[in-house]
Amino acid sequence: MIFGTDGVRGPAGVYPLRAQDVLRLGQLAAQIVPCRQALIAHDTRRSASMLEASLAAGFAAAGIEHIHLAGVLPTPALAAMTAHEGYDLGVMITASHNPYADNGLKFFTAKGDKLSASQQRALERAFEDETDTLKSSSQPGVIEAKPGGLETYLDQLRTRLPDLDLTGVRIAIDCAHGACAQGAPLLLASLGAQIDTCGVTPDGININEKVGATHPATLAKLVGRCRADIGLAFDGDGDRVIVIDETGAIIDGEQILALLAVGLNKKNALKGKGIVSTVLANSGLETFLTGHNLNLHRAPVGDQNVLKLMRETGCNFGGEPSGHLILSDHAPTGDGLFAGLQVLQMLREGEHPASTLCHVFDPVPHLEDLVRFSDRGAAQRAFEAPDFTQAVEAIKKEQNVHLLVRMSGTEPLVRLMIESDDPTYNARTTETLKNILAR
């Protein structure tokens, strides 16, 4: 399988992300998704230009008439352009929060959705069938630049919140040296905010390097130094945000889900009488929402699964505890910058600092950890080993304990999450499971 939880991802230049692989994927995708116009954007990784050239060549060879290159954009901007500007297919070249050596492909349909599971399987089968002969068109398509996408995206965000005035608010932002490095400072400054920045000087190899949503301690230090009112940390492709309060404390994603759910509900802007999150969401969030007569629907991990369940339940808000927040009336994918604006609007409207505003409920004590392996095969073997599966099943039978173990869909990792009322038990049990995996 080449598709993980969020597209095709892995080390750039290694199967299935060699130049010849990506060219082949481009040709095959054009056969699976009927397409006249395609759009390609990327984050700031050094390998992006190689993959962009290969993908565009594959599209052109397959006969897609117009292939537009939008340059560096956040993923939600690429998804919105695909949906609103008449494209049949959009592809974001990114590995999100992964190190710079990785890269990947996120495919979007004409609606701005990611490819369906059936489309992914069809593309995988065709790609892995080495006997399949690729069809090249006698009339190859034209590849050309598509400037202006970032400006259009920022204008759309301003239009969504026309009354937002951040004059007098001091905001620290960490753009992970990624796709938000140019747009986020421009947008917040245009709304009147005083901004302090880090992670805004991409050089092709520093994306996510000790910065961004996966390294929030960097922003927490900046918030303290600058005495900012709030901090926002984005990941490499801008579909995720982590909030830091004025004390430098990292706000859990569930707190932001609760904050925005109640805020939207008060404005009669929350649909479906609840929200969607994942199996990783803290039980305290569910208890809190129930107290406000709202439901919490749980989906498997992955924003595509969250969006699917949102549509099934009629909800227009959902997200993952990791900071992927989907406001589907705005866009059918996570948008870190827009979610951050929603939090800033609530901060502006209220009378409390971020530390009070963003502490919405008391979470049940939980612990998340991981074990890294040399490759996915080693991770899979450890994950399926009898001593590990037996230990997991025994823990799951204990009362008032919620344990989740899963293979990462993008990296050679096994992730652990345990939740109970006893933090000491959580730590001891996590260490036991890690030791079994590492044998």
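The text that follows walks through the structure, step by step, so that each part is easy to find.

Reading guide: rules and limits
Residues numbered from 1 in each chain as written. Predicted model: local features only at pLDDT ≥ 70, side-chain atom pairs only at ≥ 80, totals over all residues. Heavy atoms only, no water. Helix = DSSP H or I, 4+ residues; strand = E, 2+ residues; numbered from the N terminus. Rg over C-alpha atoms; globule rule 2.2 N^0.38 Å. Buried < 20%, exposed > 50% of the residue type's maximum accessible area, 1.4 Å probe, protein only. Contact = heavy atoms within 4.5 Å. Areas by Shrake-Rupley, 256 points an atom, 1.4 Å probe, with all protein chains shown as cover. Salt bridge = Lys/Arg side-chain N within 4 Å of Asp/Glu carboxyl O. Axes fitted to C-alpha atoms, helices over the stretch in contact; angles between N-to-C directions. Parallel < 35°, antiparallel > 145°, perpendicular 65-115°, else oblique. Left-handed = near helix turned anticlockwise from the far one by under 90°. Nonpolar A, V, L, I, M, F, W, Y, C, P; charged D, E, K, R; others polar. Pairing = 2+ DSSP bridges. Phe/Tyr/Trp six-rings, centres within 6.5 Å; stacked < 30°, edge-to-face > 60°.

### As for the overall build of the protein
Right, so step 1: The secondary structure content of the protein amounts to 15 helices and 19 strands.
Right, so step 2: Over its C-alpha atoms the protein spans a radius of gyration of 22 Å, differing by no more than 12% from the 22 Å that the globule rule assigns to 439 residues.
Right, so step 3: Once the C-alpha set of the protein is aligned to its principal axes, its extents read approximately 65 × 60 × 40 Å.
Right, so step 4: The 439 residues of the protein split such that 56% are buried.
Right, so step 5: Taking all contacts inside the protein whose residues are at least 6 apart in sequence as the whole, residues at least 24 apart take part in 70%.
Right, so step 6: Put simply, the protein shows about 18300 Å² of open surface, and 51% of that area lies on carbon and sulfur atoms.

### Re the pattern of salt bridges
Right, so step 1: Following the criterion strictly, the structure yields 18 salt bridges and no others.
Right, so step 2: Of the charged contacts in the structure, one is a salt bridge between Lys 114 and Asp 303, with a shortest N-O distance of 3.0 Å. In this pair, Lys 114 sits in the loop between strand S6 (102-109) and helix H4 (117-128) while Asp 303 sits in helix H10 (residues 303-313), placing the two residues 189 residues apart along the sequence.
Right, so step 3: For Lys 114, a relative accessible area of 14% translates into the label buried.

### Considering the packing of helix H1 (residues 19-32) against H4
Right, so step 1: It is the contact of H1 with H4, at a shortest axis distance of 10 Å, that shows an interaxial angle of 130°. In terms of orientation, H1 and H4 fall into the oblique class. When the axes of H1 and H4 are compared, the crossing they make is right-handed. In this structure, H1 uses Asp 21, Arg 24, Leu 25, Leu 28, Ala 29 and Ile 32 to contact H4, whose residues at the interface are Gln 119, Ala 122, Leu 123, Ala 126 and Phe 127.
Right, so step 2: Class assignment of the residues belonging to the contact of H1 with H4 gives a composition of eight nonpolar, one polar and two charged.

### Overview of unusual backbone geometry
Right, so step 1: Looking along the chain, the bond that leaves Tyr 15 and enters Pro 16 is cis, with omega of 5°.
Right, so step 2: With respect to the secondary-structure elements, Pro 16 resides in the loop between strand S2 (7-11) and H1.
Right, so step 3: One non-glycine residue, Lys 273, adopts positive backbone phi at about 55°.

### Here's the deal with the side chain of Asp 21
Right, so step 1: Structurally, Asp 21 is set in helix H1.
Right, so step 2: Taking relative accessible area as the criterion, Asp 21 reaches 5% and is therefore assigned buried.
Right, so step 3: Ignoring any residue separated from it by four or fewer positions in sequence, one finds Asp 21 in contact with Tyr 15, Pro 16 and Phe 127.

### What to know about the sheet that holds strand S8 (residues 170-174)
Right, so step 1: Here five strands make up an open sheet; going across it, the order is S9-S8-S10-S11-S12 and the pairing mixed. A strand with exactly one partner marks an edge of an open sheet, and here the two such strands are strand S9 (194-198) and strand S12 (250-251).
Right, so step 2: Taken strand by strand, helix H7 (residues 216-226) contacts S8, S9, strand S10 (230-234), strand S11 (241-244) and S12, and its axis lies near 155° from that of S8.

### Some points on the packing of aromatic side chains
Right, so step 1: Within this structure, the stated rule accounts for four aromatic pairs.
Right, so step 2: Centroid distance Phe 3 to Phe 107: 6.1 Å. Interplanar angle 50°. Geometry classified as tilted. In this pair, Phe 3 sits in strand S1 (residues 3-4) while Phe 107 sits in strand S6, placing the two residues 104 residues apart along the sequence.
Right, so step 3: By relative accessible area, Phe 3 is classed as buried at 8%.
Right, so step 4: Pairing Phe 383 with Phe 388 gives two aromatic rings, centres 6.2 Å apart and planes at 45°, and the pair type is tilted.

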